[in-house]
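Structural characterization, general
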Amino acid sequence: MKLRNGIYFLLLLIACKDGGVVPNAALQNDWVKQYNQQIALNYVNGSAAKLFSFNTGGKQFTVPVPLPGTCNSPDSEVSIDGIAERFEAAYCYTIDYPWSEDSYLYVITTSRREFNKLQIVTYTFPGKSPISKTYSINKFNLNAGYSVFGLNPDGSINGMNQEYYYPVSGDVDLFNSFGAINIISNLTMERRNIYKSIYLGSKLSCCSQ
């Protein structure tokens, strides 16, 4: 599905040996926000939410087929401002992104739907298979996003009732052990366009491809 909103080049995600630090990004649009919107559209339309490709800003993003399994992982643990919520089992996969140095981005995403609210948490890391390390977040970095979508009575997305948060501080610990990916995040997130901060904690597990 083609998105209406344009997108600028995603800044390369760079990590050093002792720990990854993603550089500041002076971007007007957030790739993770666009990505979460596409997942949300697929989710409420009843299609395979994690199985898709789309064009935006003249660039093609493709999620591989078939999807890797979830390693029989338990449901994801996500905490918003200290309140724990049970999300669905996380999925992870590689997106072909030939405009970056690694040519790939690694995505880990999970969602939760309850009554008239759909929540999506997404993290991205450089490369086809992420390296075990701590990734530090500085303001305006765009490798994580938390989206909240209000749903209409018919299950469609309410265009006027959406929230998006991006990270301003914190870190994400990633462990890649024989194809099993585990991340633990402790992030302060800020709502786009409206000054409001939340604390996002996550424990996610999934299978590498």
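Residues numbered from 1 in each chain as written. Predicted model: local features only at pLDDT ≥ 70, side-chain atom pairs only at ≥ 80, totals over all residues. Heavy atoms only, no water.

1. Some thoughts on the overall build of the chain
- Helix and strand counts for the chain come out as 1 helix and 13 strands.
- Of the regular secondary structure in the chain, the N- to C-terminal order runs β-α-β-β-β-β-β-β-β-β-β-β-β-β.
- Summarising the internal contacts of the chain: among those between residues at least 6 apart in sequence, 58% fall at separations of at least 24.
- With an accessible surface of roughly 10,000 Å², the chain has 51% of that area assigned to carbon and sulfur atoms. (Helix = DSSP H or I, 4+ residues; strand = E, 2+ residues; numbered from the N terminus. Contact = heavy atoms within 4.5 Å. Areas by Shrake-Rupley, 256 points an atom, 1.4 Å probe, with all protein chains shown as cover.)

2. Structural notes on the confidence of the model for the chain
- For the chain, the mean per-residue pLDDT works out to 75, and 69% of the residues sit at or above 70.
- The secondary-structure element of the chain with the lowest mean pLDDT is strand β1 (residues 20-21), recorded at 37, while strand β10 (residues 144-151) shows the highest, at 94.
- Low confidence marks residues 1-29, where pLDDT is under 50. Its contacts with residues over four positions away, or in another chain, come to 81 contacts. (pLDDT = per-residue confidence, 0-100.)

3. Observations concerning the side chain of T94
- Topologically, T94 is positioned in strand β6 (residues 91-96).
- A polar atom in the side chain of T94 sits 3.0 Å from the backbone oxygen of K128. (Polar contact = N/O pair within 3.5 Å; in protein donor to acceptor, adjacent residues only side chain to side chain.)

4. Some points on the nonpolar core
- Judged by nonpolar contacts, the single largest core of 26 residues is most densely connected at I108, Y123, F125, Y146, I181, I183 and L200.
- Those elements that place two or more of their residues in this core are β4 (76-80), β7 (104-114), β8 (117-126), β10, β11 (157-177), β12 (180-191) and β13 (197-207).
- With residues up to four places along the chain from it excluded, the contact list for Y146 reads N36, I80, Q119, I120, V121, E163, Y164, Y165, M189, I198 and L200. (Core = buried A, V, L, I, M, F, W, Y, C linked by side-chain atoms within 4.5 Å. Buried < 20%, exposed > 50% of the residue type's maximum accessible area, 1.4 Å probe, protein only.)

5. Looking at the environment of S185
- Structurally, S185 can be placed in strand β12.
- Residue classification places S185 among the buried positions, given a relative accessible area of 1%.
- Separated by 14 residues in the primary sequence, S185 and D171 place their C-alpha atoms 6.0 Å from one another.
- Aside from chain neighbours lying at most four places away, what touches S185 is Y123, D171, V172, L200, G201 and S202.
- Looking at S185, its side chain comes within polar contact range of the side chain of Y123, at 2.7 Å.

6. With respect to the pattern of salt bridges
- Summed over the entire model, instances satisfying the criterion amount to 2 salt bridges.
- With a closest N to O distance of 2.7 Å, R112 and E114 form a salt bridge.
- According to the relative accessible area criterion, R112 is buried, its value standing at 17%.
- With its nearest N and O atoms 3.9 Å apart, the salt bridge here joins R191 to E163. (Salt bridge = Lys/Arg side-chain N within 4 Å of Asp/Glu carboxyl O.)

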